[in-house]
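Each chain, letter by letter, is given below.
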Amino acid sequence: MKKIFAFSIISLLVGFSANGATTPWWLQPTICRLDPTNCYPTMGAGFDSEMWDATSNCRGLKIICADALKTGTDDTAMGLAEIARGTGILVDYDTDLLGASGDCFGRRKTAENGSMASVNGKYVNVWCSGILDTPDEFLPNGEITYGDQPTCDELAEYGYAAVENGRCYGKYYNPSQYYIDCIGGNGNLPYRIITLNGAYYSTDKNDAPTTMDDANEVFDTMFATSQKQKEKYFQE
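The structure presented is a predicted model; accordingly, all values stated were derived computationally and were not measured.

What counts as what
Residues numbered from 1 in each chain as written. Predicted model: local features only at pLDDT ≥ 70, side-chain atom pairs only at ≥ 80, totals over all residues. Heavy atoms only, no water. Patch = residues over 30% accessible without salt bridge, like charges linked within 9 Å, V, L, I, M, F, W, Y side chains within 5 Å. Areas by Shrake-Rupley, 256 points an atom, 1.4 Å probe, with all protein chains shown as cover. Salt bridge = Lys/Arg side-chain N within 4 Å of Asp/Glu carboxyl O. Lys, Arg positive; Asp, Glu negative; His and termini not counted. Charge placed at Lys NZ, Arg CZ, Asp CG, Glu CD. Helix = DSSP H or I, 4+ residues; strand = E, 2+ residues; numbered from the N terminus. Buried < 20%, exposed > 50% of the residue type's maximum accessible area, 1.4 Å probe, protein only. Phe/Tyr/Trp six-rings, centres within 6.5 Å; stacked < 30°, edge-to-face > 60°. Lys NZ or Arg CZ within 6 Å of the ring centre and 35° of its normal. Contact = heavy atoms within 4.5 Å.

A. Structural view of a negative patch on the surface. Together, D133, D148, D153, E154 and E157 make up a negatively charged patch on the protein surface. Here E154 lies in helix α3 (residues 152-156). Taking the relative accessible area as the measure of exposure, E154 reaches 45% and is therefore partly exposed.

Set out below in structure tokens:
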């Protein structure tokens, strides 16, 4: 038994390959060796540094946020090759950026200094807080909807126009001072924004005065507004 054991040790030390050449045992392909290299230069938040990436033959998996995945409700650790293929990742998310939680990767893509966001592969307006009736998602600069964007008429009803307001869309125009003209506009953008300066402006024929009293009321309002504008801008 001792002789057999001794022979085995010698065989391991010398090593015999299939073609007869000698190779140190620690370099033979049949010997399992730990690969000390990492998949990523550094690993911190959003990584599982203990897991092994079998496909890339290195240590460290990136954790992808559930929101960025096509299916699944949990954050998932994924390998380099799987992330590169992107088959299970939504196109609207950037897996190189940490998500809102800070412990997984996958943040909704934005453009124009954060005033636009990717939804279903297209960039839409990020609306200033409070403009959307039922926002689907809250972003650092405002809110977005996954469905139809608000129309010019819908916005103008509350005095808003789909123009950039800082890092979000939706600027308020006081209806007593401005008229938002949507007829002939492009998409949800108004055709023009008219400064009233005391005038009464409307394209709706139903708004036209029908009696002398109605007409007098309109003119009284215009006169009162004009007086205020004069006092404001023409000081004696």
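B. Region of the structure containing unusual backbone geometry. Positive phi, close to 50 degrees, is recorded for E112, a residue that is not glycine. Within the fold, E112 resides in the loop between β6 (110-111) and β7 (116-119). We classify E112 as exposed; its relative accessible area is 54%. Non-glycine residue N113 carries a positive phi angle of around 65 degrees. The exposure class assigned to N113 is exposed, which follows from its relative accessible area of 55%.

C. Representation of the packing of aromatic side chains within the structure. As enumerated under the stated definition, the model contains four aromatic pairs in all. Taking 4.7 Å as the distance between ring centres and 55 degrees as the angle between the ring planes, the aromatic pair formed by Y40 and F47 counts as tilted. We classify F47 as buried; its relative accessible area is 18%. When the ring of F47 is compared with that of F105, the centres are 5.1 Å apart and the planes differ by 65 degrees; the resulting orientation is edge-to-face. Of this pair, F47 sits in strand β1 (residues 47-53) while F105 sits in strand β5 (residues 105-108), placing them 58 residues apart in sequence. In this structure an aromatic cluster arises from ring pairing among Y40, F47 and F105. In this arrangement the basic side chain of K62 is found over the ring face of F105, its NZ or CZ atom lying 4.7 Å from the centre.

D. Geometry of the side chain of N125. Inspection of the secondary structure puts N125 in strand β8 (residues 122-125). What N125 contacts, discounting residues up to four positions off in sequence, is S115, M116, E143, I144, Q149, Y169 and N188.

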